[in-house]
Each structure stands twice: as structure tokens, then as C-alpha cells.
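Structural overview
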Amino acid sequence: MAKRIELKSIDVYYGKFKAVEDISMVIEPRAITAFIGPSGCGKSTLIRTLNRMHEVIPGAYVEGELLMDGENIYSDDVDPVKVRRQVGMVFQRPNPFPTMSIKDNVISGYKLNNNKMSKSDADDLVERALKGANLWNEVKDRLERPGSSLSGGQQQRLCIARAIAVEPDVILMDEPTSALDPISTAAIEDMAVELKEKFTVVIVTHNMQQASRISDMTAFFNIAGTGLPGKLIEYDKTEKIFSNPAQQQTEDYVSGRFG
Amino acid sequence: MAIISTGFQASASLPRWFTPAALVGSFSVALAVFTLARTPSEGGTSLVGVGFVGFALYLLTVAIVSRLVEGRRKAADRLITSLVTAAFALAVIPLVSLAWTVVTNGIARLDADFFSMSMRNVVGPGGGALHAIVGTLELTLIASLISVPVGIMTAIYLVEYGRGKLARAVTFFVDVMTGIPSIVAGLFAFTLFLVLLGPAAAINGFAGSIALSVLMIPVVVRATEEMLKIVPNELREASYALGVPKWLTIVKVVIPTALAGIATGVIIAIARVIGETAPLLLAAGFTTSMNYNPFSDKMMTLPVFVFTSFANQGIDTQSYLDRSWAGALTLMLIVMILNLFARLISKFLSPKGA
């Protein structure tokens, strides 16, 4: 569990367009790594390459090596489906499956893959995952209700429960709180901090306070201009990035002078 | 006392009874004019004329009065509301008239005999359309069994997999198929079976089903395609992110989410082909006898029953006409039940929100 991710000169392309250029970094296990930067700088693109989700978009491809505990997930014999079973993802907008109950949403990773499990195992798993996502107390009496009956913040925590239920090694969160109110955001931030005990957590955020509150490491990305690829400007301990960054651009961004 | 205008006060408005009063007034005037002005040789008062003149009078009254009392914006609002309502009424009139005609004419023979007897050896009154009802149900069922899987899978290919030339070609041919005149579909099925089985056995129920399938497939493809397209991409991504392969995502996430819409589309497609006459006349033929076997011999269907009863009225003309209308009413009832069924399906299968 909780794998170390090593990116070696990663370039990401959408067809001919180079979206991200030459990223090399190491994402530590059992820590929260935050990606920050202005819109369009490629942080969402990059996080999607960590579980090969960018391949859903026609024409998108990656050059470079991405090692997970030493294993290159972009080598030819790797099945992207298997990668995604080990790298869970939470999206910007909550997206519970509308045809499923709360309970079925939590165990959807198993149900959709036709993995049979006994009812008691399923109940245990549902309880464990929902507790892990700080949602159990709110929904334990209505597990059979549709997932879409919950509020936005609850739906997002349901999606996190769904992601952790399959027990991945890494959890990716792509702006998980940008559609939520401050209270739901706080609930998810608390949970992210608990999740790093067991998982490698990577979070993309536009909210710099959020990055400074919860992350251990912060990566700052920027683009030189529209049409140019995004680059990793600085990657360091969060305190360092927010108090004494090495690069002028980083300082300008975190102090709110641009972006 | 000085009246201070805040700028938000509504201008004077006409009382609620104004609209009905204007309607009654305008149409009464129109009716009176037409009744008084007609010459004895013309016969009854022209209702169409009354409708036109009455409506024009009403529009004029409303526009002028409202403009004077309420101002320009409300006058325009009333004018457009009247026009839109009139357009709606105009569209509904033929529908209501059609339903009314079929019901009044068809109800006479909608008895137990009609649903339990065929037309074998019947030349006068009596007889029934059981053979045609059975034929219609069997043929439509077979056509659906062929078209629904083909149509849904084509739509899945187009939405989930199709890229490039092949997908464009398939889309193009589906469009072309949508435009095929139904008689051409009938000719296609007829000639196909003529080549396969020879002239003696070419006309049978199954050939009719094939003709109906040709008409039904593009409708199912289009309906399913639209439904699959509106399944949010986020759900597909959510499923992929859980390590679910693409085909399982389609089977277990995309289709269930779109199922209500697909089911409704399929039923609408069935309702669309169940009333086809021309292709069945050619491909399935017509007969007066019961035939439960769609794979041999001619098979009667309801639309063809309606057509032949009307086209070849025997000595006892009225009985044939009554049966024809009753057949039309039965067909209408079947389509209505199917539509009701579609409503129920979409009610029960739709993803439940809040």
C-alpha cells in the first residue's frame, strides 16, 4: 500500500499540442502532495496521467517514464485498467452513479467488475469505507436511498468512499472541493489528512490556503503563455513553498500577485 | 395629494374577464355576420369562416384595447399569447377530430366476436379480426426482436467506439434508411424472399417482419444514440477510475443510466411501425384465415385488415366498413397502450434523484 511515484521527464500531448513539458518529480508515499498553479497550466492533465485517465481523451498520449514503486506504468505490457485499480480518483464534480443506491455506489468498484462478495463482507466494507470518508453517521439509516439524494458535499464524500473501498495505493483528487461550500470542504480536508495514513494522496487545488493547510509537499506549475506547455516551476516542502520559495514566479503566485 | 411615481408601479391592467368576454364577443359577431350574410343557396353557415373572422376580430380587439389601457409591452404579450394558443388549437383540432371519428365509427364492432373470430368464410356481418391482431402482434414482436439488438448495438458503436470513416458511413446510411419510403422496404423484403424461397413461398409473415425491421432499425439507432449521448462523461470517467474496463462500463453504467430513454425510444419505434400498411401488403400479404406461423403462408395484419376491408367491400358494404373502423380503433388502442407502457417504463427506470 501507499506507493512512491516517480515521474521522469514526462511530456503530455493532446494530439500535436504539448500540454505539459518535462516534468520530473518524486511523489512521496503516506503524504499529501498538492499541485497548484493558474488555470490551464497542466496540473489536471498531469494528475490524470498518474492513472492513465488522460487516455480517455482521443489523441492524448504521454512520453517519458512514470514509475510506481519502480514499475513503469507506461511500459507496453501494462494494462491501464489494472493501473486504475491501484490508483483511485476523485473528480471536481461529485459523480455518484445515479442508478445505484448509496450502498451500491460504495461497492461499485467491485460490483462493476463482477466481483462477487458475501453480503456480510459487503456490509463491512460499506461501513468501513463510509467511516473512512466521514459519511457513515449521516447515511447509515438510508443506505438503500439513491446516491443522488445526498447533498453535494455528501455526494463528494460518497465518491471518496467509493474510491477508497477498492483499497488502492494512491488516491488522486482533482479539485475535489471546488464545487463545495466551506463546511463540506473542511470535512473533506480532514478526511484527506486521515487518508494519508494509508495512501499516497495527490490533490490538485486552486485554493492556496487549502494546499498550505493539508499538504506536506507542494508543486507549483505555470505556463509562459497560451499555447505553450505547462512546466513544473518549483517542488518542495509546503512550508518552504509558502514561506520562502526559491523562484520569483512561485512567490508572486502564492502571495497573490498574479494568477 | 401628490402621486409619487416610483417607476415600479404596474400600469393599469384589464380585468380578468376581458379575455373570455372578448373571445365570446368576437366569435358571436362573426357568427352573426356569416349567418345573416349567407345566401339561401349556400346552405349552412361556414364554420371555418366564422373561425377565421372571429379570431381576427379577437386579435384586433385585444391589440387595440390592451394597447390603450395597458401599454405596448402587455399588448404585445397578449397578442403573441393569443397567436401561440391558436397555433396549438389548430394542431389539436385534427387530432381530436381523428380520434373522435375512429372511436364513433369503430365502437359498433368492438365486440367479443371481433377479438375471437377470423374472417374465414365470412361474407356478411359478423366475423372478426383475431387473425389480423395475432398477425400484427407476431410480426411486430419479430421485427422488434431483430431491430432492437441491432439498433442498440449500432448506437453503442456510434457513441462509444465509432471514430473516423466507418462511423461516418454508418451514420450516413442510418440517415438514408430513415428516409426510405415504407413501400420500398416492403419491396426489398418481398424480392429478398422471392430470390430465397421462390414465388410460391415468398409471401409470409417473416418477410413482413424483415420489412418492418428495415424501417425500425434507424429509429431505434437514432433514439438510442441520443440517449447514450446525454449520459454524462463524468460517469464513464468515474467508472474507468475504479478500474472498470470499457465494455463493463458501457454494460453496467452507461446503458442502465440511459435505459429509461432507450426503452421509451424502442416503444415509440414499435408504435411507429405497427401501423405500417404498404410493406406488409407486399411482404406478408393478406388472408382471411388464422395463421399462427409467421414462417409460412400469408399473414393478415391490422393495418392491412383495415385497408382490405375498406378497399374490397363485399355485398354487405356496411359490415365491411364497420369492421374496417373497428380494426383502425383496435390499432389505435394498441398504440395507445404501448405509449402508456413507455411512460410507465420511463417512470420506473429513470435514475432517481432527490
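Residues numbered from 1 in each chain as written. Chains lettered and ligands numbered in written order. Predicted model: local features only at pLDDT ≥ 70, side-chain atom pairs only at ≥ 80, totals over all residues. Heavy atoms only, no water.

Things to note about the overall build of chain B
Worth spelling out the cut-off: In this description a helix means any DSSP run of H or I spanning at least four residues, a strand means any run of E spanning at least two, and both kinds are numbered starting from the N terminus. Both definitions apply: the radius of gyration is a C-alpha atom measure, and the globule rule equals 2.2 Å times residues to the power 0.38. Should any heavy atoms of two residues lie within 4.5 Å, those residues are considered in contact. Using a 1.4 Å probe, the Shrake-Rupley method yields the accessible areas, and only the shown protein chains count as cover for residues. Note on charges: Lys and Arg go in the positive column, Asp and Glu in the negative column, and His and the chain ends are not counted at all. Every charge is mapped onto a representative atom, which is NZ of Lys, CZ of Arg, CG of Asp or CD of Glu.
Each helix and strand counted, chain B has 13 helices and 0 strands in total. If you list the helices and strands of chain B from N to C, you get α-α-α-α-α-α-α-α-α-α-α-α-α. Over its C-alpha atoms chain B spans a radius of gyration of 28 Å, topping by over 25% the 20 Å that the globule rule assigns to 354 residues. Oriented by its inertia axes, the alpha-carbon framework of chain B measures out at about 95 × 75 × 35 Å. At a minimum sequence separation of 6, the contacts of chain B that also span at least 24 residues come to 72%. For chain B, the accessible surface area stands at approximately 19,200 Å², while carbon and sulfur atoms represent 73% of it. Treating the 23 positive side-chain charges of chain B as one cloud and the 16 negative ones as another, the clouds have centres 9 Å apart.

Some words on the UniProt feature "domain: ABC transporter" (unreviewed entry) in chain A
For the record, the criterion: UniProt positions are given in the numbering used here, feature names are shortened, and annotations may be inferred rather than shown by experiment.
Here, the residues flagged by UniProt with the feature "domain: ABC transporter" (unreviewed entry) are residues 5-248 of chain A. In this annotation, residues 5-248 of chain A is assigned 34% helix and 27% strand; the end-to-end C-alpha distance for the span is 27 Å.

Overview of the pattern of salt bridges
All names here are of chain A. So the rule is basically this: One speaks of a salt bridge when a side-chain nitrogen belonging to Lys or Arg is within 4 Å of a carboxyl oxygen belonging to Asp or Glu. For every residue, the accessible area obtained with a 1.4 Å probe (protein chains only) is divided by the maximum for its type, and the residue is called buried under 20%, exposed over 50%, and partly exposed between those limits.
Applying the stated rule across the entire model yields 23 salt bridges over all chains. Two residues, D169 and K3, come together in a salt bridge whose shortest N-O distance is 3.6 Å. One end of the pair, D169, is in the loop between α7 (152-165) and β7 (170-174); the other, K3, is in the segment before β1 (5-14), with 166 residues separating them in the sequence. Taking relative accessible area as the criterion, D169 reaches 10% and is therefore assigned buried.

A short note on the UniProt feature "domain: ABC transmembrane type-1" (unreviewed entry) in chain B
Here the UniProt feature "domain: ABC transmembrane type-1" (unreviewed entry) sits at residues 133-342 of chain B. As annotated, residues 133-342 of chain B has a helix share of 79% and a strand share of 0%, and its two end C-alpha atoms lie 21 Å apart.

What about the UniProt feature "transmembrane region" (unreviewed entry) in chain B?
Annotation from UniProt places "transmembrane region" (unreviewed entry) at residues 17-37, 49-69, 81-108, 128-158, 170-195, 201-221, 253-274 and 325-345 of chain B. Each end of residues 81-108 of chain B is marked by a C-alpha atom, and these two atoms are 41 Å apart; helix forms 93% of the span and strand 0%.

With respect to unusual backbone geometry
Phi at R52 of chain A is positive, roughly 60 degrees, even though this residue is not glycine. Along the polypeptide, R52 of chain A turns up in the loop between α1 (43-49) and β4 (60-68). You can call R52 of chain A buried: its relative accessible area is 10%. Within the chain, D297 of chain B stands out as a residue other than glycine whose phi angle is a positive 70 degrees. As for its placement among the helices and strands, D297 of chain B is situated in the loop between α11 (278-283) and α12 (302-311).

A closer look at a negative patch on the surface
Spelled out, the test is: The patches described consist of residues with a relative accessible area above 30% and no salt bridge, like charges being joined within 9 Å and nonpolar side chains (Val, Leu, Ile, Met, Phe, Trp, Tyr) within 5 Å.
A cluster of acidic residues, D69, E71, D76 and D77 of chain A, forms a negative patch on the protein surface. Within the secondary structure layout, D77 of chain A lies in the loop between β5 (71-72) and α2 (80-86).

Examining the domain arrangement of chain B
Interfaces are often described in size by the accessible area the parts lose on coming together. Residues and elements named next belong to chain B. The condition is simple: For the domain bounds, the source is a domain assignment made automatically or taken from a database. The term buried area denotes the loss of accessible surface (1.4 Å probe radius) that occurs when two parts are joined, taken as the sum for both partners. Residues are grouped as follows: Ala, Val, Leu, Ile, Met, Phe, Trp, Tyr, Cys and Pro are nonpolar; Asp, Glu, Lys and Arg are charged; all remaining types, including Gly, are polar.
Looking at the assigned domains, one finds that chain B contains domain 1 (18-109) and domain 2 (113-349). With 9 residues of domain 1 in contact, the opposing surface of domain 2 contributes 11 residues. Here domain 1 packs against domain 2, burying approximately 830 Å² in sum over the two surfaces, 73% of which is carbon and sulfur. The three residues of domain 1 that bury the most area against domain 2 are V102, N105 and R109, which together make up 69% of that side's buried surface. Counting across the domain 1 and domain 2 interface gives 0 salt bridges. Across the side of domain 1 that touches domain 2, the residue classes tally to 5 nonpolar, 3 polar and 1 charged.

Remarks on the side chain of N291 of chain B
Residue and element names in this part refer to chain B. The condition is simple: Here a polar contact is recorded for every N or O atom pair within 3.5 Å, except that within protein the pair must consist of a potential hydrogen donor and a potential acceptor, and residues adjacent in sequence are included only if both atoms are side-chain atoms.
Along the chain, N291 falls in the loop between α11 and α12. Within the local environment of N291, its side chain forms a polar contact with the backbone nitrogen of N293, the two atoms lying 2.9 Å apart. One polar contact links the side chain of N291 to the main-chain carbonyl oxygen of D297, over a distance of 3.3 Å. Setting aside residues up to four positions removed in sequence, N291 forms contacts with S296, D297, K298 and M299.

Looking at the pairing of strand β9 (residues 217-223) of chain A
Residue and element names in this part refer to chain A. Put simply, the rule reads: If DSSP finds at least two bridges between two strands, the strands pair.
Judged by how many residues are buried, β9 sits mostly within the fold: 6 of 7 residues are covered. As paired strands, strand β3 (residues 32-36) and β9 are joined by 4 bridges and run parallel to one another. Of the residues in β9, the one forming a bridge with A34 is T218. Two elements, β9 and strand β10 (residues 230-237), share 7 bridges in a ladder whose sense is antiparallel. By the bridge assignment for β10, N222 is matched with K231. Between β9 and β10, which pair antiparallel one after the other, the connecting turn spans 6 residues, and G227 there sits at a positive phi close to 90 degrees.

Some points on the nonpolar core
The following threshold applies: Side-chain atoms within 4.5 Å link the members of a nonpolar core, which is a set of buried Ala, Val, Leu, Ile, Met, Phe, Trp, Tyr and Cys residues.
Among the nonpolar cores identified, the biggest contains 89 residues, and L7, F35, L50 and L66 of chain A are the most heavily contacted of them. Among the elements that line this core, the one with the most residues is helix α10 (residues 246-274) of chain B, at 14 residues. In this structure, L7 of chain A is in contact with I23, S24, M25, I27, L46, L50, E65 and L66 of chain A, ignoring residues within four places of it in sequence. Listed in part, the 41 residues of the second largest apolar core include L125, A129, V139 and I241 of chain A.

Here's the deal with the interface of chain A and chain B
Counting from both sides, the interface comprises 31 residues of chain A and, opposite them, 21 residues of chain B. Taken together, both faces of the contact between chain A and chain B bury some 2,100 Å²; the carbon and sulfur share is 64%. At the boundary of chain A and chain B, one finds 2 salt bridges. With a closest N to O distance of 3.5 Å, R93 of chain A and E234 of chain B form a salt bridge. Mapped by element, the contributors of at least two residues to the side of chain A that touches chain B are α2, β6 (87-90), α4 (108-111) and α7 of chain A. When the residues that make up the side of chain A that touches chain B are grouped by side-chain class, the tally is 14 nonpolar, 10 polar and 7 charged.

Looking at the packing of helix α6 (residues 164-178) of chain B against helix α8 (residues 205-229) of chain B
All names here are of chain B. Inclusion rule: Axis lines are fitted to C-alpha atoms, over the contacting stretch for helices. Their N-to-C directions set the angle, which ranges from 0 to 180 degrees. Working rule for angles: under 35 degrees goes down as roughly parallel, over 145 as roughly antiparallel, 65 to 115 as roughly perpendicular, anything else as oblique. Helix crossings fall into two classes, left-handed where the near helix is turned counterclockwise from the far one by less than a right angle and right-handed where it is turned clockwise.
At their nearest, the axes of α6 and α8 sit 8 Å apart, and the two run at 125 degrees to each other. Compared by their axis directions, α6 and α8 come out oblique. Both α6 and α8 take part in a crossing whose hand is left-handed. Contacts between α6 and α8 pair T171, V174, D175, M177 and T178 from the former with V214, I217, P218, V221 and R222 from the latter. Class assignment for the residues of the contact of α6 with α8 results in 6 nonpolar, 2 polar and 2 charged.

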